[in-house]
Amino acid sequence: VWDRKANVKTAASDPRNPYVYAQTLPDMFRLVQRIQALTAVSPNGPATIIKVIDPDSYWPLPWYLRNYQNVGWWDALPQDPYAPLMIVGAGLHANLDENGTHLMVGYYELRPQVFLELYVRLDLWKAYLAQHPPRTD
């Protein structure tokens, strides 16, 4: 990896390397599966608007959400963060469910100690529950 500031090449394990590798956890795949199920019941399908907001890192989500037509990426809460689906870094303490239009329906560990919250617009969550009722056993 080229370190532009020092104008030298650094090894992957060099502390100056800003790109550390950390294994993606299985929870990330649960998040992707939930998004797939939610967009399947959305009237807009793969055109459903998804906002991903995290100042730290949301990779590899861009790869797994590449087939969705309306995904936006932010490293801070935008002025209008609301969308049918919002994936938000837990460290932002966004509380995007406080106004009653959305629910925080999941907490996912992307990588060790990197957590994301999934917020869903209430009408979309109700449509999802109609197709996927909670287990009672």
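These numbers come from a predicted model, not from an experiment. Residue indices follow the written sequence of each chain, beginning from 1 at its first position. Only residues with pLDDT of 70 or above have their local features reported here, since the model is predicted, and side-chain atom pairs are shown and tallied only from 80 upward, although totals for entire chains, interfaces and linings are computed over all residues. Heavy atoms from the whole structure form the basis of all side-chain values; hydrogens and water molecules are not counted.

**Student:** Talk me through the sheet that holds strand 7 (residues 114–121); I want residue IDs and the actual numbers.
**Tutor:** Here, strands pair whenever DSSP counts at least two bridges between them. Strands are runs of DSSP state E lasting at least 2 residues, helices are runs of H or I lasting at least 4, and numbering of each runs from the N terminus. Ordered by their spatial adjacency, five strands build an open sheet running 4-3-5-7-6, and the pairing between neighbours is mixed. A single partner strand is all that each edge strand has here, and the edge strands are strand 4 (70–74) and strand 6 (102–111). Strand after strand, the sheet turns through a mean of 15° between neighbouring axes, direction not considered. Direction of pairing for strand 6 relative to strand 7: antiparallel, over a ladder of eight bridges. Looking at the pairing, Tyr107 lines up with Glu117 of strand 7. Helix 1 (residues 26–41) rests against strand 3 (49–53), strand 5 (85–89), strand 6 and strand 7 of the sheet, and its axis sits at about 145° to strand 6. This element, helix 3 (residues 122–131), spans strand 5, strand 6 and strand 7 of the sheet and lies at about 90° to strand 7. Axis definition: a line fitted to C-alpha atoms, limited for helices to the stretch in contact. Angles are taken between N-to-C directions and run from 0 to 180 degrees. Contacts between residues were defined by any pair of non-hydrogen atoms, one from each residue, lying within 4.5 Å.

**Student:** So, the pattern of salt bridges: which residues are in play, and what are the values?
**Tutor:** Salt bridge, as applied in this entry: a Lys or Arg side-chain nitrogen positioned within 4 Å of an Asp or Glu carboxyl oxygen. Summed over all chains, the structure comprises two salt bridges. A salt bridge links Asp27 to Arg30, with the nearest nitrogen and oxygen atoms 2.7 Å apart. Taken together, the residues span about one helical turn, with Asp27 and Arg30 both in helix 1 at a distance of three residues. A simple rule labels every residue: compare its accessible area, found with a 1.4 Å probe on the protein chains alone, to the largest value its type can have, and call it buried under 20%, exposed over 50%, or partly exposed in between. Since its relative accessible area comes to 19%, Asp27 is described here as buried. Given the relative accessible area of 44%, Arg30 is considered partly exposed. For the salt bridge of Arg121 with Asp123, the shortest nitrogen-to-oxygen distance reads 2.6 Å.

**Student:** Lay out the packing of helix 1 against helix 3 with the relevant residues and their values.
**Tutor:** Where helix 1 contacts helix 3, the axes come no closer than 9 Å and their chain directions differ by 95°. The orientation of helix 1 relative to helix 3 falls into the category roughly perpendicular. Across the interface between the two elements, Arg34, Ala37, Leu38 and Val41 from helix 1 touch Leu124, Trp125, Ala127, Tyr128 and Gln131 from helix 3. Nonpolar residues are Ala, Val, Leu, Ile, Met, Phe, Trp, Tyr, Cys and Pro. Charged residues are Asp, Glu, Lys and Arg, and all others, Gly as well, are polar. Looking at the contact of helix 1 with helix 3 residue by residue, the class counts come to seven nonpolar, one polar and one charged. Relative orientations are named as follows: roughly parallel for angles under 35 degrees, roughly antiparallel for angles over 145 degrees, roughly perpendicular for angles from 65 to 115 degrees, and oblique for any other angle.

**Student:** I'd like a rundown of the pairing of strand 5, residues and numbers included.
**Tutor:** Most of strand 5 is tucked away, with five of its five residues classed as buried. Neither face of strand 5 is left uncovered, since the one carrying Leu85, Ile87 and Gly89 and the one carrying Met86 and Val88 both have all their residues buried. One ladder, built from five bridges, connects strand 5 with strand 7; its direction is antiparallel. In the sheet register, Val88 faces strand 7, and the bridge partner there is Glu117.

**Student:** Which residues make up a nonpolar patch on the surface, and what values go with them?
**Tutor:** A contiguous nonpolar surface patch, about 450 Å² in accessible area, is contributed by Phe29, Trp59, Trp63 and Tyr64. Secondary-structure assignment places Tyr64 in helix 2 (residues 61–64). Like charges are joined within 9 Å and nonpolar side chains (Val, Leu, Ile, Met, Phe, Trp, Tyr) within 5 Å, but only among residues with over 30% relative accessible area and no salt bridge; these make up the patches. All accessibility values rest on the Shrake-Rupley procedure with a 1.4 Å probe; residue burial counts only the protein chains present in the view.

**Student:** Account for the packing of aromatic side chains, naming residues and giving values.
**Tutor:** Here a Phe, Tyr or Trp ring, Trp counted by its six-membered ring, pairs with any other such ring whose centre lies within 6.5 Å, and the pair is stacked when the planes are under 30 degrees apart, edge-to-face when over 60, and tilted otherwise. For the structure on display, the rule yields four aromatic pairs. Taking the centre distance of 5.5 Å and the plane angle of 90° together, the rings of Phe29 and Tyr64 count as edge-to-face. Taken as a pair, Phe29 in helix 1 and Tyr64 in helix 2 lie far apart in primary sequence, 35 residues in all. Residue Phe29 is classed as partly exposed on the basis of its relative accessible area of 37%. By relative accessible area, Tyr64 is classed as partly exposed at 31%. Taken together, a centroid distance of 5.1 Å and an interplanar angle of 10° make the contact between Tyr107 and Phe115 stacked. Judged by its relative accessible area of 26%, Phe115 is partly exposed. By definition, being over a ring means that NZ of Lys or CZ of Arg is both within 6 Å of the ring centre and within 35 degrees of the ring normal. Cation over ring: Arg66 sits above Trp63, and NZ or CZ is 3.8 Å from the ring centre.

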